[in-house]
Amino acid sequence: MKKYFIIVVLIYLAATTAIAQQQTTATPPKNPNPVTKSRVLQVDSAVVTKHTVTIKGKLIPYTATAGSIPVWDEDGRPVAGVFYTYYERDDINDRSTRPLVISFNGGPGTPSVWMEIGYTGPRRLNIDSEGYPVQPYGIEENNNSILDVADIVYIDPVNTGYSRIVNKETPGSKFFGVNEDIRYLAEWINTFVTRKNRWASPKFLIGESYGTTRASGLALELQNAQWMYLNGVILVSPTDLGIERSGPVQEALRLPYFAATAWYHGMLAPEYQQKELTAFLPEVENFTINELIPAMARGGFIDDAQKKDMAAKMSKYSGISEQVILGSNLDVSYDLFWKELLREKGFTIGRLDSRYKGIDRQAYGGSPDYNAELTAWLHEFTPAMNIYLRNELNYKTDLKYNMFGDVWPWDDKNDHTGENLRQAIAQNPYLHLLIQSGYFDGACDYFNAKYSLWQLDPSGRLKDRLKWEGYKSGHMLYLRKNDLATATENLRKFIQESIPKPGTPAKY
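Described below are features of the structure shown in this document.

Definitions and cut-offs
- Residues numbered from 1 in each chain as written.
- Predicted model: local features only at pLDDT ≥ 70, side-chain atom pairs only at ≥ 80, totals over all residues.
- Heavy atoms only, no water.
- Helix = DSSP H or I, 4+ residues; strand = E, 2+ residues; numbered from the N terminus.
- Phe/Tyr/Trp six-rings, centres within 6.5 Å; stacked < 30°, edge-to-face > 60°.
- Buried < 20%, exposed > 50% of the residue type's maximum accessible area, 1.4 Å probe, protein only.
- Lys NZ or Arg CZ within 6 Å of the ring centre and 35° of its normal.

1. Observations concerning the environment of Met 385
Item 1. Inspection of the secondary structure puts Met 385 in helix H12 (residues 372–392).
Item 2. The sequence separation of Met 385 and Pro 157 amounts to 228 residues, and the corresponding C-alpha distance is 17 Å.

The following block contains the structure:
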C-alpha cells in the first residue's frame, strides 16, 4: 500500500510539472479583484491571463479577461453580475480599426460556452472530427479561431454560466423576457465598450439559436437607446425572429429539413441518394413552395386524388411512409419525424442535430424519449468548460457554472426582433447580415431560416446586404471539423467585407 501511495505521488508530481512547462498554460498577473473560492458572485471583478494561439500558421499573442460587470438599476446600484470572457489580440497598435465581435448563445437559458470553446474562440474542446464526445475531456488550440481578425467578448446572460442576480429584491421579470433581455444587455454592452475603450472599433454581433433573437433585437436597441452602430450581425441557426408563419406555411416548411435528414441516413430512393445534398434539395424546396403550400391551404376540402399525390411525393422526399403522412393529414410534426424515420432500425434521431441517434424504451409512440444530440453535447462541453475556466483562465470559484440556468417564466410576447433587425439595417447603411444554418438542424431548420431571410425585407431594397449559407451539419454547425474550417473562414470574409474603406460615408 505504501509503495502504491509513493507511485501515485510521483505520477502526480510528474504530471503537474509537465503542465507547468506547457507554453499554453496561463500566467496570471496580479489582479486588483481576485476571484475567491466562494458561492457568491463578485459582481465587479476580473482575472487577466496571457496566452498564444497559432491561427493560419501564425502565432497570435492575446490577453484573456474572465470576470463580471454589474447590471445597474435606475439608482446606480448593482442588481446582477454578468459574467464574460474577453479575448484581445496583443500585437495591435490601433484598436480604432480592430473589429470587436460580441457573442451570445441561446436557450434562452444557456451561456456562451458553445461558441466560445466550439466555434470562434482561441481554445476548442476535445471532440472527434464529427463532434462526438471523446475522453480524456479537455481543451486544445483552435487553429480556426477568428481572433486573428477580431477581438471577441463572450457574454453569459443573467442566471447562465456564472452570471447571477445579486439583489434579492430584484424580480426575475426584469431580465427574463424577449424585450427585457435586450434592454439590460444593451446597457451592459455600453458599459463594457466604455470600460474597454472600444467605441471607435467596428462592431459585430453574433448569436446562435435564441441568441439570434437576442442579437436581432440588440441591433436596433443599441442604435436607438445606446447610440451604438454596428457593421454586422451574424445569425447562427436562427429562430423565427418573430416573423409570422402559421397554418399551411408553417407545416409545409418542414419538408426540406426532413429531406436533408433522410438523405443523410440513406433513407431515400437511389435517384436521390446518388445526388449531392445541395443538388437534391432545390427540387424539394420548389415542390414545397409551389405545390405543397397551395395544396395544404385547401385543408379538409383538398381533392382526395391530390391529397394522395401530395402524400406520395412527401414520402419520396422525406423517407417516411405515405400511410403515416396521410394519417397526419399531410401535417407531419417534427416529433413524429424524429421518432418515425429510423423506427424500424430501432433508433430515434436528434432534434438539434439529426445525425445523432438515440434509443428509446419502446419503438411505439410519437416522439423520442430524449434529445440524443443535446445529451452528447452536455457530455463534452460541461467538463471542458469547467477545466478551461479554472485551469487556463485561472477563474476559481465554487459557483456552479450553469449550462442551463433558471430563466423561467420567460416572457416571449411581443417578439418583433426580425422587424427590429430590418429597421436597424435600413437605418444604418454600414450594417450587413450573415445567416449560417446546418441542413440537419431540426430545432431551427435551414429552410425556415431561408424563409426568414426572404421575409425580412419585403421591399427587396436591402437584399444586397443579406446573405445565407448552409452546412452539412446540425444546430452547432461548427462541431464538424470540415464545417468549422469553412464557416470560420466565411466569418473572416464577412467581417472584413463589412468594414467600409476609410472615409466612405454611411449614406444611400
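2. Description of the packing of aromatic side chains
Item 1. Overall, the coordinates contain 35 aromatic pairs when judged by the stated rule.
Item 2. Measuring from centroid to centroid gives 5.1 Å for Phe 83 and Tyr 162, while their planes differ by 85 degrees, and the two rings are edge-to-face. In this pair, Phe 83 sits in strand S3 (residues 78–89) while Tyr 162 sits in the loop between strand S7 (151–156) and strand S8 (164–165), placing the two residues 79 residues apart along the sequence. Just as Phe 83 is buried, Tyr 162 falls in that class too.
Item 3. Ring geometry for Tyr 264 versus Phe 440: centroids 5.1 Å apart, planes at 50 degrees, classification tilted. Placement of the pair is Tyr 264 in helix H6 (residues 255–264) and Phe 440 in the loop between strand S13 (432–438) and helix H14 (446–456), with a sequence separation of 176 residues.
Item 4. On the basis of relative accessible area, Phe 440 is assigned to the buried category, the value being 1%.
Item 5. Among the aromatic residues, ring-to-ring pairing joins Phe 175, Phe 176, Tyr 184, Tyr 210 and Trp 410 into one connected group.
Item 6. When the ring centre of Phe 347 is taken as origin, the NZ or CZ atom of Lys 357, which lies over that ring, is 4.6 Å away.

3. Notes on helix H2 (residues 113–120)
Item 1. In terms of burial, H2 is a largely internal element, 8 of the 8 residues being buried.
Item 2. Residues Val 113, Trp 114, Met 115, Glu 116, Ile 117, Gly 118, Tyr 119 and Thr 120 constitute the buried set of H2.

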